[in-house]
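Structural description and commentary
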Amino acid sequence: PDLQSFIEGLPKAELHLHIEGTLEPELLFALAQRNQVKLAYATIEELRAAYDFSDLQSFLDLYYAGAAVLQTEQDFYEMTAAYIFHCQSDNVRHAEIFFDPQTHTERGIGIDVVFAGIARALREARDTQGFSSAMIMSFLRHLSEEEAFATLEAALPLREQYQDLWIGIGLDSAERGNPPEKFAKVFDRCRQLGFRLVAHAGEEGPPAYVRDALDVLHVERIDHGVRSEEDPALMARLAKQRTPLTVCPLSNLKLCVVNNMADHNLARLLHAGLTVTINSDDPAYFGGYMNANYLAVATALRLSRVDIIALTRNSFEASFLPEADKQRFL
Ligand code: HPA
Ligand code: ZN
């Protein structure tokens, strides 16, 4: 088969996906109208044209502004259902989904509304199509650790109700100036509570943030992690421990972490023995879902089919699925 059909045919897991980053301009405009939210852009085309980013912060500004149209349980449900539809077209069999309650509670939306809408779509897809998923609640690192604790306390009463989905804790938003250490205490608490832990590190931040995410936060996976390559000792450690990196090629390109896809270090990371995975991050903003990410990187880096298969196998290995379920997909 041609490269695209080959990629389409492989079952995949997505491990780095912000559900708020799947809000396409069309749905964003529809929700703005339904909820009577005023937008800074007159048309869908104008909004899409604004998706021209220079760095992480320039993206985050638009991403948080866009999320303001999400108000009701039904809104979160429709956004999540639309993402699942893309998973089906891309042969994504399992997804571990980040959500940022603080983006919504800040605007007066109940945290229960956020959980309920996302979970309803995920459970429906599980029950009707066997789609497997999990939820990873993420703290915004530009806010304080105190605010992260408050979010955790607000969410814990929901834990039992969502125990089939809510398995983990993540850390995202502006990386520079917000090191992992800032969240040491709240991650300690989450670990005692038995949550699986991940954190964004080494996207714009230095390799030291990757090291500290491992040593101070005790995370099991690193989201992005591409700047680990600047530190050979860290590279050796990641390879030895098989610490997964959830790499997002189109995101890295759109946020100018790399200037050309041909310069992306994904193949070097993979060939250095790291457990690299491919993910879409915020596909509505970065121009492509899973297969588009696979195709872009496979083409630009001339990945072999053996490499592509390894990347899809890594996605299941690096997932938080129980071992028996991983085998079912592999
Ligand atoms: N990095 C940090 N924060 C984010 C991202 C990202 O790639 N996507 C959504 N929030
Ligand atoms: Zn991300």
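Just so we're clear, the structure is a prediction, and the values are computed from it rather than from any experiment. (Residues numbered from 1 in each chain as written. Chains lettered and ligands numbered in written order. Predicted model: local features only at pLDDT ≥ 70, side-chain atom pairs only at ≥ 80, totals over all residues.)

Examining the UniProt feature "binding site: Zn(2+)" (unreviewed entry) in the protein
- Within the UniProt annotation, "binding site: Zn(2+)" (unreviewed entry) is assigned to His16, His18, His200 and Asp281. These annotated residues cover 266 residues of sequence, but their C-alpha atoms sit close together, with the largest distance between any two at 11.7 Å.
- Considering the arrangement of structural elements, one finds histidine 16 in strand E1 (residues 12-18).
- Exposure remark for histidine 16: the 30 C-beta atoms within 10 Å place this residue in the buried category.
- Topologically, histidine 18 is positioned in strand E1.
- Classification of histidine 18 as buried rests on a count of 27 C-beta atoms within 10 Å.
- Ignoring sequence-local partners within four residues, the contact set of histidine 18 consists of Phe98, Asp100, Asp172, Asp281 and Asp282. (UniProt positions renumbered as here; feature names shortened; annotations may be inferred. Helix = DSSP H or I, 4+ residues; strand = E, 2+ residues; numbered from the N terminus. Buried ≥ 20, exposed ≤ 12 C-beta atoms within 10 Å, placed from the backbone. Contact = placed C-beta atoms within 7 Å.)

Overview of the packing of helix H5 (residues 73-89) against helix H7 (residues 111-129)
- Relative orientation of the contacting elements H5 and H7 amounts to 35°, with a least axis distance of 7 Å. The handedness of the crossing between H5 and H7 comes out as right-handed. For the pair formed by H5 and H7, the contact residues are Glu73, Gln74, Asp75, Phe76, Tyr77, Thr80, Ala81 and Ile84 on the first element and Val113, Val114, Ala116, Gly117, Ile118, Arg120, Ala121, Leu122 and Ala125 on the second.
- For the contact of H5 with H7, the class distribution of residues is 11 nonpolar, three polar and three charged. (Axes fitted to C-alpha atoms, helices over the stretch in contact; angles between N-to-C directions. Left-handed = near helix turned anticlockwise from the far one by under 90°. Nonpolar A, V, L, I, M, F, W, Y, C, P; charged D, E, K, R; others polar.)

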